[in-house]
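An overview of the molecular structure
The lines below spell out each chain.
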Amino acid sequence: MNERILIIEDDPAILKLLQRGLAYEGYLVDIAIDGRSGLNLARDRHPDLVILDWMLPGMDGLEVCRRLRTGGSLPILMLTAKDTVQDRVQGLDAGADDYLVKPFNLDELLARMRALLRRTQTERIQVYKFADLMLDTGTRQVTRGERLVQLTAKEYELLELFLRHPRQVLTREVIFDRVWGYDFGGESNVLEVYIRYLRQKLEAENEPRLIYTVRGVGYVLRENP
């Protein structure tokens, strides 16, 4: 086992807590106290997971997250004092896989880490095809016919969920649970926003619609009704 964890955090107290707690659980731990040295360590040490603070000196956690994400599918758990829906969306959209608000419970952080590591280890490369749409989990490339479709991390995960369940109506609750892992509550329109983004990108050259709204329930990936 002995997974390698990179902690990018500038708060000495939190750093000490994490370093001790993770070492006690048997993880190999590397630490960085600013974004640039964190990126360098990620490149040199090839961690299995990154714990990343949002508020960092110099380059902030969101920018670090974006840069880490362009390098592949390394699991990223973001720590932050920010707790509005908008902040969550921003952090997750930058490419974070999970999000924990300070002050946090160490046992909860360890449980979320284990879940992320488990997910990474069990993921196998899949190529999903539906109509003229194709998604390759190995390269994380999405194509519509011959056209390459550029998606953000969350748009990609949302589309992958639809492709794993073609022609099946997915409720809002199921989508939130599988893609965000959070209960945003009924007042949030974040899902509608992402569906709109996804449709715009998939239909950029007037291709037929594939993601349909099932009013009052959720959404479904299907051919023309």
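Scroll up to find the structure this text is about.
Anyway, here's the lowdown on the structure attached to this text. (Residues numbered from 1 in each chain as written. Predicted model: local features only at pLDDT ≥ 70, side-chain atom pairs only at ≥ 80, totals over all residues. Heavy atoms only, no water.)

1. Details of the overall build of the chain
Regarding its fold elements, the chain presents eight helices and 12 strands. Relative to the 2.2 N^0.38 estimate, which gives 17 Å for 225 residues, the radius of gyration of the chain is 19 Å and therefore close to what a compact globule would have. On the principal axes, the C-alpha backbone points of the chain span a range of 55 × 35 × 35 Å. Expressed as a percentage of its 225 residues, the buried residues of the chain come to 48%. Accessible area for the chain stands at about 11,700 Å²; split by element, carbon and sulfur atoms hold 48% of it. Of note, the chain has its 32 positive side-chain charges centred 3 Å away from the centre of its 35 negative side-chain charges. (Helix = DSSP H or I, 4+ residues; strand = E, 2+ residues; numbered from the N terminus. Rg over C-alpha atoms; globule rule 2.2 N^0.38 Å. Buried < 20%, exposed > 50% of the residue type's maximum accessible area, 1.4 Å probe, protein only. Areas by Shrake-Rupley, 256 points an atom, 1.4 Å probe, with all protein chains shown as cover. Lys, Arg positive; Asp, Glu negative; His and termini not counted. Charge placed at Lys NZ, Arg CZ, Asp CG, Glu CD.)

2. Let's talk about the pairing of strand 1 (residues 4-8)
Of all five residues in strand 1, five are buried, a share of seventy percent or more. Here strand 1 pairs with strand 2 (residues 28-32) via five bridges, running parallel. Its bridge partner being in strand 2, Arg4 is matched across the sheet by Leu28. After leaving strand 1, the chain enters helix 1 (residues 12-24) and then returns to the sheet as strand 2, a path that is right-handed. Judged from the four bridges that link them, strand 1 and strand 3 (residues 49-53) form a sheet pairing that is parallel. By the bridge assignment for strand 3, Ile5 is matched with Leu49. (Pairing = 2+ DSSP bridges. Right-handed = clockwise from strand over helix to strand, strands pointing away.)

3. Considering the side chain of Arg69
With respect to the helices and strands, Arg69 occurs in helix 3 (residues 61-70). With relative accessibility at 15%, the residue Arg69 sits in the buried group. Polar side-chain contacts of Arg69 include one of 2.7 Å to the backbone oxygen of Gly95. There is a polar contact of 2.8 Å between the side chain of Arg69 and the side chain of Asp97. Dropping the residues within four chain positions of it, Arg69 is found in contact with Leu74, Ile76, Ala94, Gly95 and Asp97. (Polar contact = N/O pair within 3.5 Å; in protein donor to acceptor, adjacent residues only side chain to side chain. Contact = heavy atoms within 4.5 Å.)

4. Describing the packing of aromatic side chains
Under the definition given, this model contains one aromatic pair. Relative to Tyr197, the ring of Tyr194 lies with its centre 5.9 Å away and its plane at 75°, an arrangement referred to as edge-to-face. In this pair, Tyr194 and Tyr197 are both assigned in helix 8 (residues 190-202), three residues apart and thus about one turn of the helix distant. A relative accessible area of 34% places Tyr197 in the partly exposed class. Lying across the ring of Tyr156, Arg140 places its NZ or CZ 4.0 Å from the centre. In this structure, Arg222 is placed above the aromatic ring of Tyr212, and the distance from its NZ or CZ to the ring centre is 4.7 Å. (Phe/Tyr/Trp six-rings, centres within 6.5 Å; stacked < 30°, edge-to-face > 60°. Lys NZ or Arg CZ within 6 Å of the ring centre and 35° of its normal.)

5. Section: the sheet that holds strand 11 (residues 211-214)
The strands making up a sheet associate through backbone hydrogen bonding, with each pair oriented either parallel or antiparallel. Strand order in the open sheet formed by three strands is 10-12-11, and the pairing between neighbours is antiparallel. In this open sheet, the two strands that pair with only one neighbour each are strand 10 (170-171) and strand 11.

6. Things to note about the nonpolar core
If you look at the biggest cluster of nonpolar residues, it comprises 30 residues, and the most contacted ones within it are Leu158, Leu159, Phe162, Ile175, Trp180 and Ile211. Broken down by secondary-structure element, the contributors of at least two residues to this core are helix 4 (85-93), strand 6 (127-130), strand 7 (133-136), helix 6 (153-164), helix 7 (172-180), helix 8 and strand 12 (218-221). Counting residues in hydrophobic clusters, the runner-up holds 20 residues, among them Ile8, Leu39, Ala94 and Tyr99. (Core = buried A, V, L, I, M, F, W, Y, C linked by side-chain atoms within 4.5 Å.)

7. Here we look at helix 1
Here helix 1 contains 13 residues, and its C-alpha end-to-end distance of 18 Å stays within 8% of the 18 Å for a straight helix at 1.5 Å per residue. Along helix 1, the positions that sit buried rather than exposed are Ile14, Leu15, Leu18, Gly21 and Leu22. When helix 1 is viewed along its axis, its buried side chains cluster within an angular range of 145° and face the same direction. Turned more than 90 degrees away from the buried face of helix 1 sit Pro12, Ala13, Arg20 and Tyr24, all of them exposed. Structurally, the start of helix 1 carries an N-cap: the backbone nitrogen of Ala13 is 2.9 Å from a side-chain oxygen of Asp11. (Expected span 1.5 Å × (residues − 1). Arc of directions from axis to C-beta.)

8. Some words on helix 4
Spacing of three or four residues puts side chains on the same side of an α-helix, whose turn is 3.6 residues. Every buried residue of helix 4 is accounted for by Asp87, Arg88, Val89, Gly91 and Leu92. Contact partners of the buried residues in helix 4: helix 3, strand 4 (76-80), strand 5 (98-101), helix 6, helix 7 and helix 8. Count one or two residues on from helix 4 and you reach Gly95, which has phi positive near 120°.

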